Amino acid sequence: MFAQTVTIQNEQGFHVRPAQLFSEKAGSFEAEVRLKTGEGRAADCKSMLELMTLGIEQGAVVTIEASGDGEQEVVKALVQLIESKFGEG
């Protein structure tokens, strides 16, 4: 398992567009990937609907955990997506 913690930086948090980009990026890897909030809630990163139910807002600290083929690569790609503010700014 590989994990990394990151802070959501874009103003709108995890709304529809970021959740879609996030789930598409996660789905391009074989590894199982989960997103965990500081409150202990978790979602499958490949499911846009599950990600949306977390209600993640700007400033939230989340942990991305992956296991399986490409676990480090998928975590790094998703962290980069978050750090780029999903291209929103």
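The rules behind the values
- The numbering scheme is per chain: residues are counted from 1 as the chain's sequence reads.
- Only residues with pLDDT of at least 70 get local features here, since the model is predicted, and only at 80 or more are side-chain atom pairs given and counted; chain-wide, interface and lining totals rely on the full set of residues.
- The basis for every side-chain value is the complete set of non-hydrogen atoms in the structure, without hydrogens or water.
- The criterion for strand pairing is that DSSP finds at least two bridges linking the strands in question.
- The way it works is that DSSP assigns letters per residue, a run of H or I at least four long becomes a helix, a run of E at least two long becomes a strand, and they are numbered from the N terminus.
- As a rule, the C-alpha atoms of each element are fitted with a line to give its axis, helices using only the stretch in contact, and angles between N-to-C directions run from 0 to 180 degrees.
- Relative accessibility decides the category of a residue: with a 1.4 Å probe and only protein chains considered, values under 20% of the type maximum give buried, values over 50% give exposed, and everything between is partly exposed.

A. Main features of the sheet that holds strand β4 (residues 61-67). Strand order in this open sheet of 4 strands is β1-β4-β2-β3, and the pairing throughout is antiparallel. Each edge of the open sheet carries a strand with a single partner, namely β1 (2-7) and β3 (42-44). Going from strand to strand, the sheet's axes swing by 20° on average, the running direction of each strand aside. Relative to β3, strand β2 (residues 32-37) runs antiparallel, the two being bridged by 3 bridges.

B. Focus on unusual backbone geometry. Positive phi, normally seen in glycine, also occurs at lysine 85, with a value near 60°. Structurally, the position occupied by lysine 85 is in the segment after α3 (71-83). Accessibility expressed as a relative area gives 33% for lysine 85, which makes it partly exposed. Within the chain, phenylalanine 86 stands out as a residue other than glycine whose phi angle is a positive 55°.

Don't take any of this as a statement about function, it's just geometry.
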